[in-house]
Amino acid sequence: MAEPLVVLEGVTKSFGTEVVTEILHGIDLEVLPSEFTALVGPSGSGKSTLLNLLGLLDRPTSGRILLAGRDTTGLTDDERSAVRGRSLGFVFQFHHLLPEFTALENVMMPMLAARGREEKGMRERALSLLEEIGLADRALYKATKLSGGQQQRVAVARALVLEPPLVLADEPTGNLDTESGKQVFELLRKVSTEHRTAFLVVTHDERIAARCDRILTMVDGRIRSDERNARA
Amino acid sequence: MPFEVLVALRFLREGKIQTILILSGIGVGVAVIVFLSALIGGLQESLIERTLGTQAHIVVRAPEDLVRPVTESSPGLAVAPRVERPAQRLRSIVGWPQTLELLLTLPRVRAASPTVAGAAFALRGLANRSVALRGIEPSSFRRIIDMGPRMTAGEFRVDATNAVIGVELAADLGVSVGDKVRLETPAGRSEVFLVAGVFDVGNKDLNARWVFVSLRAAQTLLDLAGGISTIELKVAEIFDAERVAEEIVARTGLQADSWMKLNQQLLTGLRSQSASSWMIQFFVVVAVALGIASVLVVSVVQKSREIGILKAMGTRTVQVVRIFLVQGAVLGLGGSLLGSALGAGLSFFFASLARNPDGTATFPVNLTPALFLGAAAIATVTGLLAAVAPAERAASLDPGDVIRYG
Ligand SMILES: Nc1ncnc2c1ncn2[C@@H]1O[C@H](COP(=O)(O)OP(=O)(O)O)[C@@H](O)[C@H]1O
Ligand SMILES: [Mg+2]
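As the structure is a prediction and not an experimental result, all values here were calculated from the model.

Trainee: Lay out the overall build of chain B with the relevant residues and their values.
Mentor: Assigned secondary structure in chain B consists of 15 helices and 10 strands. Relative to the globule expectation of 22 Å for 406 residues, the C-alpha radius of gyration of chain B, 33 Å, shows a markedly less compact shape. Out of the 406 residues in chain B, the part that is buried amounts to 46%. In chain B, once contacts between residues fewer than 6 apart in sequence are set aside, the share between residues at least 24 apart is 77%. Of the accessible surface of chain B, which amounts to about 20100 Å², a share of 61% is contributed by carbon and sulfur atoms. Placing the 38 positive and 33 negative side-chain charges of chain B at their respective mean positions leaves the two points 5 Å apart.

Trainee: Could you give an account of the sheet that holds strand β4 (residues 62-67) of chain A, naming the residues involved and the relevant values?
Mentor: Within a sheet, each strand pairs with its neighbour through backbone hydrogen bonds, oriented either parallel or antiparallel. Residues and elements named next belong to chain A. A sheet is described by the order of its strands in space; here four strands give the open sequence β2-β1-β4-β5, paired in antiparallel fashion. Of all strands in the sheet, those with a lone pairing partner are β2 (21-31) and β5 (70-71), marking the two edges. Sheet topology note: the strand β1 (residues 6-15)/β4 ladder contains five bridges and is antiparallel. Within β4, the residue paired with L8 across the bridge is I65. Strands β1, β2 and β4 of the sheet are contacted by helix α1 (residues 47-54), whose axis makes an angle of about 125° with β1.

Trainee: Summarise the pattern of salt bridges; cite the residues concerned and give the values.
Mentor: Applying the stated rule across the entire model yields 30 salt bridges over all chains. As a salt-bridge pair, A:D58 and A:K13 come within 3.4 Å of each other at their nearest N and O atoms. Pair noted here: A:D58 is in the loop between α1 and β4 and A:K13 is in strand β1, with a separation of 45 residues, a long-range link. An identical accessibility class is assigned to A:D58 and A:K13; each is buried. Here A:R211 ties to A:E186 by a salt bridge, and the two come within 2.7 Å at their closest N and O atoms. Residue A:R211 is found in the loop between α7 (206-210) and β9 (214-219), and its partner A:E186 is found in helix α6 (residues 178-195); the two are separated by 25 residues along the sequence. Here the residues in one salt-bridge network are B:R108, B:D240, B:R243, B:E247 and B:R251, joined through shared partners.

Trainee: Any details on the interface of chain B and chain A? Residues and values, ideally.
Mentor: With 31 residues of chain B in contact, the opposing surface of chain A contributes 31 residues. Here chain B packs against chain A, burying approximately 2600 Å² in sum over the two surfaces, 60% of which is carbon and sulfur. Between chain B and chain A we count three salt bridges in total. Our count for the chain B to chain A interface comes out at nine residue pairs in polar contact (both at pLDDT 80 or more). Those elements that place two or more of their residues in the side of chain B that touches chain A are α1 (3-14), α11 (304-312), α12 (317-353) and α15 (399-405) of chain B. For the side of chain B that touches chain A, the element with the highest residue contribution is α1(B), accounting for eight residues. Per-class residue counts for the side of chain B that touches chain A are 14 nonpolar, six polar and 11 charged.

Trainee: Explain the sheet that holds strand β7 (residues 166-170) of chain A residue by residue, including any values.
Mentor: All names here are of chain A. Spatially, six strands are ordered β6-β7-β8-β3-β9-β10 in an open sheet, and the strand pairing comes out mixed. The sheet is open, and its two edges are formed by β6 (88-91) and β10 (222-228), each paired on a single side. In this sheet, neighbouring strand axes are inclined to one another by 15° on average, regardless of whether the strands run parallel or antiparallel. With four bridges joining them, strand β3 (residues 36-40) and strand β8 (residues 198-202) adopt parallel strand pairing. For F36, the partnering residue across the bridge sits in β8 and is F199. Against the sheet, helix α2 (residues 77-87) makes contact with β6 and β7, and its axis sits at roughly 80° relative to β6, the strand it touches most.

Trainee: Break down the domain arrangement of chain B for me, citing the residues and quoting the values.
Mentor: Domain parsing of chain B yields domain 1 (3-51 + 267-405) and domain 2 (59-63 + 90-262). On a C-alpha basis, the centres of domain 1 of chain B and domain 2 of chain B stand 51 Å from each other.

Trainee: How would you explain helix α13 (residues 369-386) of chain B if you had to name every residue and give the values?
Mentor: All names here are of chain B. Taking 1.5 Å as the rise per residue, α13 with 18 residues should run 26 Å; its terminal C-alpha atoms sit 25 Å apart, in good agreement. Every buried residue belonging to α13 is among L371, A375, A376, A379, T382, G383 and A386, and all of these are buried. The buried side chains of α13 occupy one side of the element, clustering within an arc of 135° when seen end-on. Summarising the geometry of α13, the exposed residues directed more than 90 degrees from the buried face are P369, A370, L373 and L385. Those residues of α13 that are buried lie in contact with α2 (16-52), α10 (264-302), α12 and α14 (388-395).

Trainee: Could you give me a rundown of the pairing of strand β1 (residues 58-61) of chain B, with the residues and numbers involved?
Mentor: All names here are of chain B. Two strands pair when backbone bridges link them, and β1 and strand β9 (residues 230-235) are joined in this way by four bridges, in the antiparallel orientation. Looking at β9, one finds that V60 is bridged to I231. For β1 and strand β10 (residues 255-258), the ladder comprises four bridges, and the chain directions are antiparallel. From the neighbouring strand, R61 faces β10, where its bridge partner is Q255.

Parameters and conventions
- Residues numbered from 1 in each chain as written.
- Chains lettered and ligands numbered in written order.
- Predicted model: local features only at pLDDT ≥ 70, side-chain atom pairs only at ≥ 80, totals over all residues.
- Heavy atoms only, no water.
- Helix = DSSP H or I, 4+ residues; strand = E, 2+ residues; numbered from the N terminus.
- Rg over C-alpha atoms; globule rule 2.2 N^0.38 Å.
- Buried < 20%, exposed > 50% of the residue type's maximum accessible area, 1.4 Å probe, protein only.
- Contact = heavy atoms within 4.5 Å.
- Areas by Shrake-Rupley, 256 points an atom, 1.4 Å probe, with all protein chains shown as cover.
- Lys, Arg positive; Asp, Glu negative; His and termini not counted.
- Charge placed at Lys NZ, Arg CZ, Asp CG, Glu CD.
- Pairing = 2+ DSSP bridges.
- Axes fitted to C-alpha atoms, helices over the stretch in contact; angles between N-to-C directions.
- Salt bridge = Lys/Arg side-chain N within 4 Å of Asp/Glu carboxyl O.
- Buried area = accessible area lost by both parts, 1.4 Å probe.
- Polar contact = N/O pair within 3.5 Å; in protein donor to acceptor, adjacent residues only side chain to side chain.
- Nonpolar A, V, L, I, M, F, W, Y, C, P; charged D, E, K, R; others polar.
- Domains from an automatic or database assignment.
- Expected span 1.5 Å × (residues − 1).
- Arc of directions from axis to C-beta.

In structure tokens form, the structure reads like this:
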């Protein structure tokens, strides 16, 4: 079996200084390469909190998170940023894109941040991704001039631009109408296969979950069930 | 274009009204600085110009006679109960040609001219005026005070028995070019001169008192054969004058007085003028800095989502800091360009309001490239410093919070 991309060992997360509330209780989890996983569970069960930890956007209260076999516990904020830029892509439910920039610039942004300035080939790479998600004709549109579904598709292109092995998506279709939501999900599945990228997608949609390789169900800060879909 | 600059400029461009408002604010501040500096600079320059137009930068003369009181009684000597300064007589600088040469080798000295100065009376018929006799060597004196352009009649010619007097004295004595004037010293020597020219140095007292004659004629009249009483100097940098004078005292043992010492009041006036102008400018800079800082603090709050997204995409803390520092610097620089234009316009407008009858500006506004460069540099650095606190705030934003709460 392939080496896991991410390993969580006994991860807990508490919030508050006066009144400390533990939100995640001892999570153990492995995410494998190219795996398309759905994370489901009632609201408030800790899905976003878990995703933030996986994305190194937040630090666990206890336990370890290993990324590509490497312990991330002792990393400084900048090292975590660097790892994030290299190994992880994000698609969020809200505020998908930077409103000041065009679709093309938004897709280029992770490359610009990583390299410090525009280099040869970046523009072409971003354009080819926009082509792939069917929005090449909108490349020079301001982000705010795109529909919700279009914005979310651009966000998918942006998450993929540095070819990360894992993309984390927190309710990427939550804010979209059914039709746009379906389109975005189809896109995620397609790019996951084509780019051999692992996805961890938080969703409330049963039908979407049913079409994933693996379904993790969270309840009250614990992983209640972890099923692999036979069909996939 | 560096990533940070790209993002900074875009943030500014998209924050239209905010950016325009703060740019105008900085512009007005910089305009005040430019205008004030140009005005005060111009005023001071014309004041100094007016003062130094008729004055050497440094005047070197023989040291005053010192009284050596007898303090201890010794046989045959009485102790003076009171010490009185002796009457100062006109003294020649001993070995002045060598001294002159030495002074000319000093690096900061630009010109030196030997002169003989003493008191005399100018007589014409029944009219009698007390004057300041100035024996000069025209070739070198021209580089100390250029009298050529200040002549109202005749020419500045002081060879042989030619003399040049001021308009006031000419009127008092009722003489004009070509007339004769007798000069007489308190010691009783006298000589008749021909008025070769009449000058106006823009100072009534000097116009009434100065009488220029040749060095030799003055030496004869003042009984200073072959000697000179003063050496007048010009230095390269006028505010160096006092230091150069001190150096001369130390090296020659002669007395040397700079224009700064002789015009203490003017200097004090200039200094307090500068000080109040600095003060105003300082507060303007503070106001500009606070303006930039407050706009950026607001912008950090407004852009916290964007900052969170940028961080999630791998933007490092130092890059976030730079994005906001660049914004501060760009605001400062942009505002200073605006302000320089505004300040220059204001200066020209002001100068055009105050005009002499002949159409020239009453006082020149002194707009130099250095002034604009200085204003731009100050505004840019101010912007940069004002952005430090907002930038650190932006850098400390937790990307997790931003994502979670959208
Ligand atoms: N920064 C925080 N401080 C305090 N409580 C938090 C914080 N973030 C999340 N929580 C709490 O943790 C629980 C899980 O939240 P979240 O991970 O957003 O759930 P989900 O995404 O599954 O709806 C909620 O009860 C929420 O109120
Ligand atoms: Mg959530």
